[in-house]
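Geometric and topological summary
Residue strings, one per chain:
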Amino acid sequence: MKLDQNLKFKILLIFTVFANIVVNAQNDISAKTFYKHDKYLSSDKMQGRFPGTKGNNEAAAYIEKHFKKYGLKKFSDSYYQSFNLFVKEGLNKVKSDSVKTQNVVGYIEGSDEKLKNEYMVIGAHYDHWGWGGQNSGSKKKDEFAIHNGADDNASGVSALLCILEELSKAKIKPKRSIIFISFSGEEEGLLGSKYFVTHLPVEKTAVKVMLNMDMVGRLNAEKQIYMGGAGTFPEGVELMKKLGENSGLNPVIHAGEVGGSDHVSFYKSGISVIGFHTGGHPQYHTPEDDIDLINSDGGALVARYIYNALVEIADYPELYFINQG
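Reading guide: rules and limits
- Throughout this document, residue positions are counted from 1 along each chain, in the order its sequence is written.
- Reporting of local features is limited, given that this is a predicted model, to residues whose pLDDT is at least 70; pairs of side-chain atoms are given and counted only at 80 or more, and all residues count toward the totals for whole chains, interfaces and linings.
- Computation of side-chain values covers all heavy atoms of the structure but excludes hydrogens and water.
- Secondary structure elements follow DSSP: runs of H or I of four or more residues count as helices, runs of E of two or more count as strands, with numbering from the N terminus.
- Exposure categories follow from relative accessible area, calculated using a 1.4 Å probe and restricted to protein chains: below 20% of the type maximum is buried, above 50% is exposed, and the middle band is partly exposed.
- By definition in these notes, contact holds between two residues if any of their heavy atoms fall within 4.5 Å.
- Just to be clear on terms, a salt bridge is a Lys or Arg side-chain nitrogen sitting within 4 Å of an Asp or Glu carboxyl oxygen.
- Axes here mean lines fitted to C-alpha atoms, for a helix over just the part in contact, with angles spanning 0 to 180 degrees between N-to-C directions.
- Throughout, the term roughly parallel applies to angles under 35 degrees, roughly antiparallel to angles over 145, roughly perpendicular to angles from 65 to 115, and oblique to all others.
- Crossing handedness follows the turn of the near helix against the far one: under a right angle anticlockwise gives a left-handed crossing, and clockwise gives a right-handed one.
- Criterion used throughout: strands pair if DSSP finds at least two bridges between them.
- By convention a nonpolar core is built from buried Ala, Val, Leu, Ile, Met, Phe, Trp, Tyr and Cys residues, the set being connected through side-chain atoms within 4.5 Å.
- To estimate the expected span of a helix, subtract one from its residue number and multiply by 1.5 Å.
- A pocket, in this scheme, is an open set of points on a 1 Å grid over the protein atoms alone with protein on both sides within 12 Å along at least 5 of 7 lines, while a cavity is a set where a 1.4 Å probe fits but cannot get out; residues line either one if an atom lies within 4 Å of a point.
- Grid points are joined across faces, edges and corners, and a volume is the space filled by probe spheres set on the points.
- Gly counts as polar in this scheme, as do all residues outside two lists: the nonpolar Ala, Val, Leu, Ile, Met, Phe, Trp, Tyr, Cys and Pro, and the charged Asp, Glu, Lys and Arg.
- Stacked, tilted and edge-to-face pairs are distinguished by plane angle, under 30 degrees for stacked and over 60 for edge-to-face with tilted covering the rest, among Phe, Tyr and Trp rings (Trp via its six-membered ring) whose centres lie within 6.5 Å.

1. Structural notes on the overall build of the protein
Each helix and strand counted, the protein has 8 helices and 10 strands in total. Per-residue burial for the protein yields a buried fraction of 57% across its 325 residues. Here the contacts in the protein between residues at least 6 apart in sequence split such that 82% fall between residues at least 24 apart.

2. Points about the pattern of salt bridges
This structure, assessed with the given rule, holds 5 salt bridges. Across the pair E118 and R176 runs a salt bridge, and its minimum N-O distance is 2.7 Å. Here E118, found in the loop between β2 (98-108) and β3 (119-125), pairs with R176, found in the loop between α4 (150-168) and β6 (177-183); they are 58 residues apart in sequence, far enough to count as distant. For E118, a relative accessible area of 21% translates into the label partly exposed.

3. Let's talk about the packing of α4 against helix α8 (residues 296-314)
Running from N to C, α4 and α8 cross one another at 55°; their axes reach a closest spacing of 9 Å. It follows that α4 is oblique to α8 by the angle criterion. Considering the relative orientation of α4 and α8, their crossing is right-handed. Contact with α4, carried on its side by A159, I163, E166 and L167, involves A303, I306, Y307, L310 and V311 of α8 and no other residues of that element.

4. Some details on the sheet that holds β2
Taken in spatial order, the 8 strands line up as β1-β2-β6-β3-β7-β10-β8-β9 in an open sheet, and their pairing is mixed. Both outer strands of the open sheet, β1 (80-86) and β9 (250-254), are each paired with one neighbouring strand and no more. Across the sheet, the mean angle separating the axes of adjacent strands is 20° when strand polarity is ignored. Taken together, the 5 bridges between β2 and β6 define a ladder with antiparallel strand orientation. Following the sheet pairing, Y107 is matched in β6 by I179. On top of the sheet, helix α3 (residues 54-69) reaches β1, β2 and β6; it is set at about 10° to β2, its chief contact. Most of the contacts of helix α6 (residues 236-244) go to β9, to which it runs at about 175°, and overall it touches β8 (224-228), β9 and β10 (272-277).

5. Remarks on the nonpolar core
A general feature of soluble globular proteins is that nonpolar side chains tend to end up buried together. Within the largest apolar cluster, 62 residues are counted, with the highest numbers of intra-cluster contacts made by F67, I122, I163, F180, M240 and F276. Per-element tally for this core: the top contributor is α8, with 12 residues. When residues no more than four places from it in sequence are discounted, the contact partners of F67 are L72, Y79, V104, V105, G106, L160, L161, L164, F180 and I181. Core analysis: the second largest hydrophobic core is formed by 20 residues, Y119, V121, F183 and F266 among them.

6. Thoughts on α4
With 19 residues, α4 ought to run about 27 Å at 1.5 Å a step, and its terminal C-alpha atoms sit 25 Å apart, in line with that. Counting buried residues in α4 gives 18 out of 19 residues, a clear majority hidden from the surface.

7. Comments concerning the layout of surface pockets
As a volume, the second largest pocket reaches approximately 380 Å³. In terms of lining, the second largest pocket is formed by 24 residues, of which the most central are D214, M215, G260, S261 and H277. Of all elements in the fold, only β8 and β10 reach the threshold of two or more residues within the lining of the second largest pocket. In terms of residue class, the lining of the second largest pocket is built from 6 nonpolar, 13 polar and 5 charged.

8. Some words on the packing of α3 against α4
Where α3 contacts α4, the two axes come as close as 10 Å, and the packing angle between them is 15°. Classified by the angle their axes make, α3 and α4 are roughly parallel. As α3 runs across α4, the sense of the crossing is left-handed. Packed against α3, whose contacting residues are Y62, I63, H66 and F67, the element α4 presents V157, L160, L161 and L164 at the interface. Taken together, the residues of the contact of α3 with α4 break down into 7 nonpolar, 1 polar and no charged.

9. Thoughts on the packing of aromatic side chains
Taken as a whole, this structure holds 9 aromatic pairs when the rule is applied. Judged by centre distance (5.3 Å) and plane angle (20°), the ring pair of F83 and Y195 falls under stacked. Taken together, the positions of F83 in strand β1 and Y195 in helix α5 (residues 191-198) put the pair 112 residues apart, joining distant regions of the chain. Overall, F83 belongs to the buried group, its relative accessible area being 5%. Residue classification places Y195 among the partly exposed residues on the basis of a relative accessible area of 26%. Where F183 meets F196, the ring centres are 6.5 Å apart and the plane angle is 70°; that geometry is what we call edge-to-face. One end of the pair, F183, is in strand β6; the other, F196, is in helix α5, with 13 residues separating them in the sequence. Judged on exposure class, the residue F183 and its partner F196 are both buried. Among the aromatic residues, those joined into a cluster by ring pairs are F75, Y107 and Y119.

As structure tokens, this is what we get:
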């Protein structure tokens, strides 16, 4: 029985190689759009998007506007999933130690009558360090300067919105339903994704794979896109290699090494994951992580690659995953 399943999957991968030519031809994610989103989210106006602040709420409203524009459905009467988190008194000019923030969530219904009851999740956190200070990576722990987080993680949200826009153009939607989510509270300990996983709007067993993007805006000269967790579902590593062909990227694929961003909350809950990033840099968690260092051409390449991965996995005839206990 196992041999039969593997044979079916390998046949599917052969088909994927040829079908991917068509997918890439239709995939029109632009560097200009990627840059536009990143520039807005990482502007001084957002003041670092720290949870509980005006900037964080304005970033959420920007994401919500695009979720609505590109036709995402709501699970309830709002795209917002609100929750509370605790911050130190006075940090980032927050007056209370308890603040309200929100994940931004919506979904596209799948096109297959049966498989639409199964869900993919694709996400990226939108919060950052705000004015920094004692909990950030500033060289001076008492230094208060705006941490705009252009790479961490305005870039991930930019990719998310680019992928959503492209998917909205598809005449035939993927077979499985796809949940788009932008988390808050990631920098405080993956709090937004932890909240979402414990307050899922669908049955947990219906959630099959989570794709996460955190720091995808600094593609290097070697065009390396790093990913962890590709081995959390069968043949995942082989698939990600196949999708790398003719993508303009050099995927660095790890079967394990899940990492430390929001997809970890899903993995710990028994859901298969892949986490994407373009690597660390000296500006990580400092006020120097600004838009002028963003590689928007690279960001568009990465978004195209992840778009193709999302659609291919969403259209698998069958999915075999890690335990979902």
